[in-house]
Amino acid sequence: MDVSTSPALLQADDQLHSVFRTLNDTNAQLERFVWLGDHLAAAVWHRKTDEDETCYNHPGHHTLSFYLNGGEETERERVPRYGAPQYLCTLPGEHESRWWVRGELRFLHLYFLPEHFTQRAVQELDREPRELTLADRTYFEHPQLAAACQQLVQTDWQHPDGLLQANGQAHDILSMLLRSQSALRAPASKGGLSVAVRRRLADYIDAQLQLPLTLGQLAAEANLSEFHLARMFKVSFGMTPQQWISARRLELARTLLQHSDLPLEQVAQLCGYANASHFSHRFKASVGTSPGQYRQSMRSPRLLSGGEA
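First things first, this report covers the structure right here in the doc. (Residues numbered from 1 in each chain as written. Predicted model: local features only at pLDDT ≥ 70, side-chain atom pairs only at ≥ 80, totals over all residues. Heavy atoms only, no water.)

**Let's talk about the side chain of S97**
Now for step 1: If you trace the backbone, S97 turns up in strand β6 (residues 96–112).
Now for step 2: According to the relative accessible area criterion, S97 is buried, its value standing at 7%.
Now for step 3: Within the structure, S97 has its side chain in polar contact with the side chain of H95 (distance 2.9 Å).
Now for step 4: Within polar-contact distance, the side chain of S97 engages the side chain of W99 at 2.7 Å.
Now for step 5: Beyond its immediate chain neighbours, meaning those up to four positions away, S97 contacts T54, C55, Y56 and R76. (Helix = DSSP H or I, 4+ residues; strand = E, 2+ residues; numbered from the N terminus. Buried < 20%, exposed > 50% of the residue type's maximum accessible area, 1.4 Å probe, protein only. Polar contact = N/O pair within 3.5 Å; in protein donor to acceptor, adjacent residues only side chain to side chain. Contact = heavy atoms within 4.5 Å.)

**Let's talk about the packing of aromatic side chains**
Now for step 1: Across all of its chains, the model carries 13 aromatic pairs by this definition.
Now for step 2: Ring plane angle 35° and centroid distance 6.3 Å describe the contact between Y67 and F107, whose orientation is recorded as tilted. A residue pair is termed long-range when its members are at least 10 positions apart, and Y67 in strand β3 (residues 62–70) and F107 in strand β6 qualify at 40 residues.
Now for step 3: Centroid distance F237 to W244: 4.9 Å. Interplanar angle 70°. Geometry classified as edge-to-face. Note on accessibility: F237 and W244 belong to one class, buried.
Now for step 4: Of note, R32 hangs over the ring of W157, and the distance from its end group to the ring centre comes to 3.8 Å. (Phe/Tyr/Trp six-rings, centres within 6.5 Å; stacked < 30°, edge-to-face > 60°. Lys NZ or Arg CZ within 6 Å of the ring centre and 35° of its normal.)

**Here's the deal with the packing of helix α9 (residues 241–259) against helix α11 (residues 276–287)**
Now for step 1: It is at 11 Å that the axes of α9 and α11 come closest, and there the two elements cross at 100°. Classed by the angle they form, the pair α9 and α11 counts as roughly perpendicular. Residue-level inspection shows L250, A253, R254 and L257 of α9 in contact with α11, the latter providing F279, R282, F283, S286 and V287.
Now for step 2: Of the residues in the contact of α9 with α11, the class split is six nonpolar, one polar and two charged. (Axes fitted to C-alpha atoms, helices over the stretch in contact; angles between N-to-C directions. Parallel < 35°, antiparallel > 145°, perpendicular 65-115°, else oblique. Nonpolar A, V, L, I, M, F, W, Y, C, P; charged D, E, K, R; others polar.)

**What to know about helix α3 (residues 114–125)**
Now for step 1: For α3, with twelve residues, the first-to-last C-alpha span of 16 Å sits near the 16 Å given by 1.5 Å per residue.
Now for step 2: For α3, the full list of buried residues reads H116, F117, T118, Q119, R120, A121 and V122.
Now for step 3: Looking one or two residues past α3, D126 carries a phi angle of roughly 55°, positive in sign. (Expected span 1.5 Å × (residues − 1).)

**Concerning the nonpolar core**
Now for step 1: In terms of nonpolar packing, the biggest core is built from 30 residues, with L108, L110, F112, I173 and L177 touching the most fellow members.
Now for step 2: Looking at this core, the elements with two or more residues in it are β1 (29–37), β2 (40–57), β3, β6, α3, β7 (132–134), α4 (143–154) and α5 (160–180).
Now for step 3: Not counting residues within four places of it along the chain, the set of residues in contact with F112 comprises L40, H61, H62, T63, L64, F117, L134, L174 and L177.
Now for step 4: Within the second largest apolar cluster, 22 residues are counted, among which are A84, V101, L105 and Y111. (Core = buried A, V, L, I, M, F, W, Y, C linked by side-chain atoms within 4.5 Å.)

**Comments concerning α4**
At 3.6 residues per turn, the α-helix brings residues three or four places apart onto the same side.
Now for step 1: The terminal C-alpha atoms of α4, which comprises twelve residues, lie 16 Å apart, in line with the 16 Å expected from a rise of 1.5 Å per residue.
Now for step 2: Here α4 has its buried residues at L145, A146, A148, C149, L152 and V153. Projection of α4 onto a plane perpendicular to its axis shows the buried side chains occupying an angular sector of 165°, all on one side.
Now for step 3: Where α4 is buried, its residues touch β1, β3, β5 (88–91), β6, β8 (137–140) and α5. (Arc of directions from axis to C-beta.)

**Re the packing of α9 against helix α12 (residues 291–298)**
Now for step 1: One can describe the packing of α9 onto α12 by two numbers: an axis separation of 8 Å at closest approach and a directional angle of 50°. In terms of orientation, α9 lies oblique with respect to α12. With respect to the hand of their crossing, α9 and α12 are arranged in right-handed fashion. The residues of α12 that touch α9, namely those facing R254, L256, L257 and Q258, are P291, Y294, R295 and M298.
Now for step 2: For the contact of α9 with α12, the class distribution of residues is five nonpolar, one polar and two charged. (Left-handed = near helix turned anticlockwise from the far one by under 90°.)

The analysis is restricted to geometry; functional conclusions fall outside its scope.
What follows is the structure, encoded as structure tokens:
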């Protein structure tokens, strides 16, 4: 299928509204594009030009760029160096930049939402989402990130097993970005939960995922009114209580599917879904495949042995 008319590309044009669309309006050629599930997307671009100016203005989504080939004549305004293979750039959603593209280059883009970054801040670093953002960095080297990007490019995105493998690779890349390419925001204003209450709520939710959790229960656990809990929860977790609970249920489901032999109905029950059908619908909407297919793919010999899909 021609990627220029694929449904995935049309969807990307709506949701990845800035960096993707800006490139699509230049002479850049889109070689490959894929929705990886979990609102993550990846693209490989090829560009050849004598000289062209490209500007990004507050795209609203984060972008990781990895140069695969070329770029030695490409530069960013006020950055005293040029691109090269294996160089990386991180472009946060709120950034502005102007680039002069010369010669030939080929590069990978990984597109992700600020929520991907802020959710990890809570889970992996025990930090409030408003404290951290993706750093704005141009042409830096990071061997581990480069190797992960190269692996993502080499994965067969068209194969169901490869797509799931690529999803996991993208999540690994986001964790590396959080730990190595995050930046402190200006001091956060008051209005969030205390560190102790945030931790208590996170532990409480994880311990009660099999139950139909309510805002009232969370408010009681935090000793706050429902109104104040809802407002302060979003400040401290980066999303509403229901969004956080849904994300944690999906994460638990992934773990159980990959590392246990429990029947799907029992997995659904442990993760707080009404039934296996409801679980399958929610899981597929997020990940892009059914729970059964996910379990089968993640346990296939090819993936377990680390081979390419």
